[in-house]
Amino acid sequence: MSKAPSSRPTGPRRGLRPWLIGLGSLVALIVVLILVWSWDWFIPLVDSRASAALHRRTTIAHLHVRLGRIVTVTADDLTIDQPAGFEDEKQPFATARHATVAIDAWDWLRHGTLSLPLIALDGPRADIVRRKDGPGNATTSNTTMGPPAQPGAPATKWPTIGELRITDGALRVADAPLRAEMAATLHTTPPNPAEGDRGRIVVDATGRYAAQPMTLHAVGGALLGLMDPAHPYPLDVTVRNGPTTAALAGTIDDPFHFAGARLTLHFNGPDMSLLYPLTGIPIPVTPAYDLTGRLDYSRRMIRFTDLRGRLGSSDIGGAISVDPHQAVPFVDATLHSHRVDLVDLGGFIGARRKGAKTPAEQAAEAKDPNVLPDTPINIPKLRAINAHLVYHGDHIENRRVPLDNIGADIRIDSGTIDVRRLNFAVGNGTLASVVTLTPAAGGFAARARLDFAHIDLSRIMQATTGTGARGIIGGHATLAATGNSLASLLAHGTGGLTLVLDQGGDLSALLPDMLGLRLGNAVLSALGLPQKTDVQCFIADLPLNEGIVQTRTLLLQTGSTRTLGSGTIDLRRNAIDYALTTRSLHFTVASLPGAFHITGPLKDPTVLPGAEVIGRAAAAAGLGVVMPPLALLPTIQFGVGEGSVCARAVQEANANPAAGIAPGALSHPRKRRR
């Protein structure tokens, strides 16, 4: 019995064949695509997206992508052109040989968060420019990324970045407002997670800043640490700008928001006024300085505390704080010195800078008739800050005026200088001053008052001359004027000086020190006064009217003579025209009394005898030819008598003082407290 042939179902098999053909074709297409695939096909898309985001043409030459759990994207020959308005710059805004970004794809797929384990820039170059007449190429008005955030909208969530690596970087900065042009190289060091080291960035720069040669070496923490509020950012910077050197080392809290700092600052140089281009804070001319302190930032204030160092031959310490957030920065300084030389503070009253002078400068100084500082006060710089300075010097050392100590309280507000207190102690006495300088046409409108209270002359003379000169000085000086320097203020000033010296002194020591060695000795010789002549009283009541010092009273009485002064001192022309007339108090023989004239420039006046002195001398010489004993007749003085001229002069000075303030009892010894 034979079996019938079995029938095989052919329909389903025929249905699988198109599907298999399609699958095979797709696989073949994928294989072909893999074989010919190029990521450069996406370059136009990348260029257009990047250009739109940066608002400047951006191009890349090649694009490489390595797939895996960590996707790595590398762009070759990245070029970012200059923005609109900067097309004439020779270099592009930025370039890089290679720019690499690593993306954690697994983290993105599982959690939807963007994590970038690495951003690497190989050979990056940047050209940063800021011109005088507009914004810079890094902050142009059209670089805002995306639309502004709406109120209440969630904050932008930045990706997590593991490492920012820079190899062989270079940066050029040209900033016209800061008069700066620098070239810098930078690179990063690899992190060492085992030691908690996130890496460093190293920057070296050379060029010019504030038109001065500049070099910089900086080592900072990892760049990503700038946006990490949880870890203080380490920083170590050394800058040399012209003759000024500064070194800064320590940490900054949350640098991106500048939350705080713990830094040590050391700086030195030949003159603190040269710091103005670096700090924006005007400082008067000073001698060489070397200062160290702590630089902190807290409560929106920059604080320089534990300040210590030297300014010239003076030590200095204290604290300085700056509020940079006000429309005009406010500086608050409390400083002190244990030993201070007043020469080091000369710049605060407009004294010229000390140091070696060129022959041309020496010639100009020799021709300058001014005997007072004529350095103009810089009003624009004063308007750049508001300030409050409190200063105390425990002991003053100075060759010419060895005062005991100094205390000052000074405010600067909108260009107005308010010297609330500038006091010097002299033994049991005080030299106190109050000055207000208000900006006005031509400089400043000034009002000043100086009080000489119970100043012991012996305290000054013993230290300066080693003599036993003694006496108590008291009185006042006032000034109202307009000018832009100490010399110009006095040259246009109105006020006066009223001084009284009581209880004696050694005239041979007093005059050379008060008037200067050459002039003082010339006056002593002209007056014919013996050495070690004691002063019984000295009264000067001198009104000042539009720069002309006139004489209401000038009286000098010794144990044997009385000298009266008359004439003027012209501070506008720096000239003097003065006469001193001496008379004997008692009957004397062999004396040539009369007037001696002091005339000429204040810097180098001439002392000549007057007509009476010349006449008596000529008569004595003529009579001596006829009969020698007769030569004594013209030299005989019968004396004016002691009288009470001193008492009357003091009464007149108290009744109508040139300074407008009576000296009162300021020239008598201050009673000691029990």
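As the structure is a prediction and not an experimental result, all values here were calculated from the model.

### Looking at the overall build of the protein
Then, number 1: Each helix and strand counted, the protein has twelve helices and 32 strands in total.
Then, number 2: The buried share of the protein, reckoned over its 674 residues, is 39%.
Then, number 3: Nonlocal contacts in the protein, meaning residues at least 24 apart in sequence, comprise 50% of its contacts between residues at least 6 apart.
Then, number 4: When the accessible area of the protein is evaluated, it comes to approximately 37,400 Å², of which 61% is carbon and sulfur surface.

### A few points about the confidence of the model for the protein
Then, number 1: Here the protein shows a mean pLDDT of 76. Residues at 70 or above account for 68%.
Then, number 2: Of the regions scoring below 50 in pLDDT, residues 507-522 engages in 38 contacts with residues more than four places distant in sequence or in other chains.
Then, number 3: Scored below 50 in pLDDT, residues 611-644 makes 56 contacts in the model with residues more than four places away or belonging to other chains.

### Considerations on empty space enclosed by the protein
Empty space among the atoms can be located by rolling a probe the size of a water molecule over them.
Then, number 1: Following the criterion strictly, the structure yields one cavity of 30 Å³ or more and no others.
Then, number 2: Taken as a whole, the largest cavity encloses approximately 30 Å³ of empty space.
Then, number 3: In terms of lining residues, the largest cavity is bounded by Leu-311, Ser-314, Asp-315, Ile-316, Ser-337, Val-340, Asp-344, Leu-345 and Tyr-391.
Then, number 4: Taken together, the elements giving at least two residues each to the lining of the largest cavity come down to β17 (314-323) and β18 (330-341).
Then, number 5: Per-element accounting of the lining of the largest cavity gives the leading share, three residues, to β17.
Then, number 6: A per-class count over the lining of the largest cavity returns five nonpolar, two polar and two charged.

### What about the packing of aromatic side chains?
Then, number 1: By the definition in use, this model includes three aromatic pairs.
Then, number 2: Between Trp-39 and Phe-42, the aromatic rings sit 5.7 Å apart at their centres with planes inclined by 35 degrees, giving tilted as the arrangement.
Then, number 3: For Phe-42, a relative accessible area of 32% corresponds to the partly exposed category.
Then, number 4: Consider the rings of Phe-267 and Phe-304, whose centres lie 5.9 Å apart with planes at 40 degrees: the pair is tilted. Within this pair, whereas Phe-267 is found in strand β14 (residues 260-269), its partner Phe-304 is found in strand β16 (residues 301-311), the two being separated by 37 residues in sequence.
Then, number 5: Of the residues examined, Phe-267 reaches a relative accessible area of 10% and is grouped as buried.
Then, number 6: The exposure class of Phe-304 is buried, given its relative accessible area of 9%.

### Structural notes on the pairing of β17
Then, number 1: By the criterion of burial, β17 is predominantly enclosed, with eight of the ten residues buried.
Then, number 2: The pairing of β16 with β17 spans eight bridges and is classified as antiparallel. Residue pairing across strands places Gly-309 opposite Ile-316, the latter belonging to β17.
Then, number 3: Turn length for the β16-β17 hairpin, with the two strands adjacent in sequence and antiparallel, is two residues, and the turn residue Gly-312 shows positive phi of about 65 degrees.
Then, number 4: Linkage of β17 to β18, two consecutive antiparallel strands, is achieved through a turn of six residues.

### A look at the pattern of salt bridges
Then, number 1: For the structure on display, the rule yields 20 salt bridges.
Then, number 2: With a shortest N-O distance of 2.8 Å, Asp-88 and Arg-131 are connected by a salt bridge. One end of the pair, Asp-88, is in the loop between β3 (70-80) and β4 (94-104); the other, Arg-131, is in the loop between β6 (125-130) and β7 (160-167), with 43 residues separating them in the sequence.
Then, number 3: Among the residues examined, Asp-88 registers a relative accessible area of 60% and is labelled exposed.
Then, number 4: A relative accessible area of 24% means that Arg-131 is categorised as partly exposed.
Then, number 5: For Arg-172, the salt bridge goes to Asp-127, with nearest N and O atoms at 2.5 Å. A residue pair is termed long-range when its members are at least 10 positions apart, and Arg-172 in strand β8 (residues 169-175) and Asp-127 in strand β6 qualify at 45 residues.

### What to know about the pairing of strand β29 (residues 561-570)
Then, number 1: As judged from the two bridges shared by strand β27 (residues 548-549) and β29, these two strands associate in the antiparallel manner. Within the sheet, the bridge partner assigned to Ile-548 lies in β29 and is Asp-570.
Then, number 2: Across three bridges, the pairing between strand β28 (residues 553-558) and β29 is antiparallel. Following the sheet pairing, Leu-555 is matched in β29 by Leu-564.

Criteria and cut-off values
Residues numbered from 1 in each chain as written. Predicted model: local features only at pLDDT ≥ 70, side-chain atom pairs only at ≥ 80, totals over all residues. Heavy atoms only, no water. Helix = DSSP H or I, 4+ residues; strand = E, 2+ residues; numbered from the N terminus. Buried < 20%, exposed > 50% of the residue type's maximum accessible area, 1.4 Å probe, protein only. Contact = heavy atoms within 4.5 Å. Areas by Shrake-Rupley, 256 points an atom, 1.4 Å probe, with all protein chains shown as cover. pLDDT = per-residue confidence, 0-100. 1 Å grid on protein atoms, 1.4 Å probe; cavity = no way out; pocket = protein on both sides within 12 Å on 5 of 7 lines; lining within 4 Å. Points joined across faces, edges and corners; volume = space filled by probe spheres on them. Nonpolar A, V, L, I, M, F, W, Y, C, P; charged D, E, K, R; others polar. Phe/Tyr/Trp six-rings, centres within 6.5 Å; stacked < 30°, edge-to-face > 60°. Pairing = 2+ DSSP bridges. Salt bridge = Lys/Arg side-chain N within 4 Å of Asp/Glu carboxyl O.

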